[in-house]
Structure formats: structure tokens, C-alpha cells
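# Geometric and topological summary
Read off the chains here:
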Amino acid sequence: MIDGVATDPSNTSSPHGEAKPRRVRRTRMTGAERRQQLLEIGRTLFAAKGFEGTSVEEIAAKAGVSKPVVYEHFGGKEGLYAVVVDREMRRLLDMVTSSLTAGHPRELLEQAAFALLDYIEEYTDGFRILVRDSPIPQSTGTFASLISDIATQVEDILGREFKNRGFDPKLAPLYAQALVGMVALTGQWWLDVRRPKKAEVAAHLVNLSWHGLDGLEAKPYLIGRRKA
């Protein structure tokens, strides 16, 4: 092998009997494989540098292709970013919704908390992308809209529980947004500190939310002077 190029020992046409370098053909990627490669590279760069800090040139260079290839698959950096965000949103939503299998409301809260923390731990780059403010107006979604989608799943659970306790089920959406928002913001904090351990974080989240719900007042009131 000469400078990383494979040689054929039987090829001794050189006067000194040295083998001539033989070019090794690269395996050509299919369109689907190339698209997947660009998505993975874009995902890594967007997570590390953000949308503004990532260029089409860098994406193309990392993939070993020219800029027109990126434009051919995604129409530009904006298109690639939108697809990356959409995939991560669907992945997280699927993880949360598929985790809600228990019958007891407290265990459902545990499952929802674990699902978000699992996603943060396993798909850290994706979560970093989602929690950034999207710079693309026509992007397929934002972290706020994703949290709203997840809250809708929790809303049904709270609605049934409220009805059983004699509370107004119309308030379930408000409480669902509050609970999911609490878990999501805690997840953003835990993303960087990674302490305490995941199970302990989930336990404390459920402790606060469940015991808060357990002592819920049917008609909460304000004790301060301001009433409106």
C-alpha cells in the first residue's frame, strides 16, 4: 500500500520491480444513504454550533461531497434543519406517548418523567437542538409546541382524575401544561449537571407533582391582597 492507496504486487511493470499504485474505488452511496448521512452530520453540527454557526460548506465537507449535493437533498441549510427538528420532535413525542401504559396516575407521572429524561440521556444532541429557539419561521415546530403536544396526552389522564375527585375537568389542560413544563425545564437543567441520578430526579419530580395534586383544593384561593 502506498500513501493509503492499495497496490497490486503482481503488477511489476516498473523497471525496478516496484508495484504500481492501484486506485481503490469508493463505495457509492444510494440517495437514501446520502440523505441519512447528511441528516446525521447536520444534527451533530446544529447541536454543537447552533443553526447560525453551521454552514452548508461545513456540512458538505464533513460528508465529503460538494455543496450542490446538500441543496439537491434539502434545498439548503434551512430545509435540513427543519427535517432534523421534525424527526427529533416525533422521536420524543413517540417516547413519551408509548411510555404511558400504567393504570395508576402516579405511575403514569413517573413514566412520563422517565421518558423525557431517557430522551435527554440517549439523544442529547437532539434535545439540545429542540431547546434552542428555532431561527426558521417556517420550521415544522418548536420545543414549546412539542411540550404542548405532550401536555395533551397528560391532559386526558388529569381530566379523568379531576372528574373522579369532583374537580372541574375543564382545568385539566392548565394543570397538564404546568406539570409537563416543570418536567421539561428540569430536564434542561439536568442536561448539563447530570446530578443527581436519573431515577432520583424522576422521583423528586413526581414527589412534587403528585403530592401537590394529592392535596389539591377544589377551589383554590389567593391569600394576598391582589385578586385580579
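Up top is the structure these notes are about.
Throughout what follows, the structure given in this document is the object of discussion. None of the values given here were measured: they were computed from a predicted structure.

Turning to the packing of aromatic side chains, a few remarks are in order. One pass over the structure, following the stated rule, counts seven aromatic pairs. Taking 6.1 Å as the distance between ring centres and 25° as the angle between the ring planes, the aromatic pair formed by Phe46 and Phe51 counts as stacked. Neither Phe46 nor Phe51 differs from the other in exposure class; each is buried. Above the plane of the ring of Phe51 lies Lys77, whose end atom (NZ or CZ) is 4.2 Å from the centre. Directly above the aromatic system of Tyr123 lies the positively charged group of Arg91, at a separation of 4.1 Å from the ring centroid.

Our next topic: the side chain of Ser99. Along the chain, Ser99 turns up in helix H4 (residues 77–99). A relative accessible area of 17% means that Ser99 is categorised as buried. Of note is the side chain of Ser99, whose polar atom sits 2.6 Å from the backbone oxygen of Val96. Not counting residues within four places of it along the chain, the set of residues in contact with Ser99 comprises Gln111, Ala112 and Ala115.

What follows deals with unusual backbone geometry. In this structure, Pro196 follows Arg195 across a cis peptide bond, with omega equal to -5°. Within the chain, Arg194 stands out as a residue other than glycine whose phi angle is a positive 55°. Here Arg194 lies in the loop between helix H8 (172–193) and helix H9 (198–214).

With that settled, consider H4. Helix length check: H4 (23 residues) gives 33 Å between terminal C-alpha atoms against 33 Å at 1.5 Å per residue, within 8%. Where H4 is buried, its residues contact helix H1 (31–49), helix H2 (56–63), helix H3 (67–74), helix H5 (105–122), helix H6 (124–131) and helix H7 (143–165).

Moving on: the packing of H4 against H5. Across the interface, H4 lies against H5 with an axial gap of 8 Å and an inter-helix angle of 145°. In the packing of H4 onto H5, the handedness of the crossing is right-handed. Residues Glu88, Arg91, Leu92, Met95, Val96 and Ser99 of H4 lie in contact with H5, whose contacting residues are Gln111, Ala112, Ala115, Leu116, Asp118, Tyr119 and Glu122. Here the contact of H4 with H5 is composed, by residue class, of seven nonpolar, two polar and four charged.

With respect to the helices, strands and loops of the structure, Ile59 is situated in helix H2. On a C-alpha basis, the gap between Ile59 and Phe46 in space is 9.9 Å, while along the polypeptide they are 13 residues apart.

Basis of the calculations
Residue positions are given per chain, counting from 1 as you read along its sequence in written order. This being a predicted model, a pLDDT of at least 70 is required before a residue's local features are given, and a value of 80 or more before pairs of side-chain atoms are given or counted; all residues contribute to the totals for chains, interfaces and linings. Heavy atoms from the whole structure form the basis of all side-chain values; hydrogens and water molecules are not counted. For Phe, Tyr and Trp, rings pair up if their centres lie within 6.5 Å, where Trp contributes its six-membered ring, and each pair is then called stacked (planes under 30 degrees apart), edge-to-face (over 60) or tilted (otherwise). Relative accessibility thresholds used throughout: buried, under 20% of the residue-type maximum; exposed, over 50%; partly exposed, between the two (1.4 Å probe, protein chains only). By definition, being over a ring means that NZ of Lys or CZ of Arg is both within 6 Å of the ring centre and within 35 degrees of the ring normal. Put simply, DSSP H or I for four residues or longer makes a helix, DSSP E for two residues or longer makes a strand, and each gets a number counted from the N terminus. By the criterion applied in these results, polar contacts are pairs of N or O atoms within 3.5 Å in which, for protein atoms, one can donate a hydrogen and the other can accept it, and in which residues neighboring in sequence qualify only through two side-chain atoms. By the convention used here, residues are in contact when the closest approach between their heavy atoms is within 4.5 Å. Here the expected length of a helix is defined as 1.5 Å per residue gap, with one fewer gap than residues. As a rule, the C-alpha atoms of each element are fitted with a line to give its axis, helices using only the stretch in contact, and angles between N-to-C directions run from 0 to 180 degrees. Here a crossing is called left-handed whenever its near helix is offset anticlockwise from the far helix by less than a right angle, and right-handed whenever the offset is clockwise. Polar here means any residue outside two lists: the nonpolar Ala, Val, Leu, Ile, Met, Phe, Trp, Tyr, Cys and Pro, and the charged Asp, Glu, Lys and Arg; Gly therefore counts as polar.

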